[in-house]
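# Geometric and topological summary
Here are the chains, one letter per residue:
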Amino acid sequence: MKGKGQDIIGKMIPVLLAMQLFLIGLQAKIRIDQGESSLEALRWMIQQYIPVLVKIRSLQSNKSTTEDTEE
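Residues numbered from 1 in each chain as written. Predicted model: local features only at pLDDT ≥ 70, side-chain atom pairs only at ≥ 80, totals over all residues. Heavy atoms only, no water.

A tally of regular secondary structure across the chain gives two helices and zero strands. The globule rule puts the C-alpha radius of gyration for 71 residues at 11 Å, and the 17 Å found for the chain is more than 25% above it. Put simply, the chain has 71 residues, and 10% of those count as buried. Accessible surface computed for the chain: about 5,900 Å², of which carbon and sulfur atoms make up 62%. (Helix = DSSP H or I, 4+ residues; strand = E, 2+ residues; numbered from the N terminus. Rg over C-alpha atoms; globule rule 2.2 N^0.38 Å. Buried < 20%, exposed > 50% of the residue type's maximum accessible area, 1.4 Å probe, protein only. Areas by Shrake-Rupley, 256 points an atom, 1.4 Å probe, with all protein chains shown as cover.)

In structure tokens, the structure reads:
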């Protein structure tokens, strides 16, 4: 059984990752507004998204592995 602290952390991590993705998009828009080409901003944005998406995938794998072992 999970502790209350672990449960709160488990709910906060997806929210924080979603905020991180939102902020990357916002920063890319600011870069475009400052005169950077859309293509360069897109390239930068993809480079920023990849580590976040890898982290999300890792968390999903860990979650499914944990759920499998608990059953």
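Still more ground to cover, so stick around.
In this model helix H1 (residues 4-33) runs 44 Å from its N-terminal to its C-terminal C-alpha over 30 residues, within 8% of the 44 Å that 1.5 Å per residue would give. Three or more residues of H1 are buried, namely Leu17, Ile24 and Ala28. Where H1 ends, the next residue or the one after it, Gly35, has phi of about 110 degrees, a positive value. (Expected span 1.5 Å × (residues − 1).)

What follows deals with the pattern of salt bridges. Pairing is possible between side chains of opposite charge, provided their charged atoms come close. Inspection of every chain in the model, using the stated rule, returns three salt bridges. Put simply, Arg43 and Glu40 hold a salt bridge, and the shortest N to O gap is 2.9 Å. Of this pair, Arg43 and Glu40 both sit in helix H2 (residues 38-70), three residues apart, roughly one helical turn. (Salt bridge = Lys/Arg side-chain N within 4 Å of Asp/Glu carboxyl O.)

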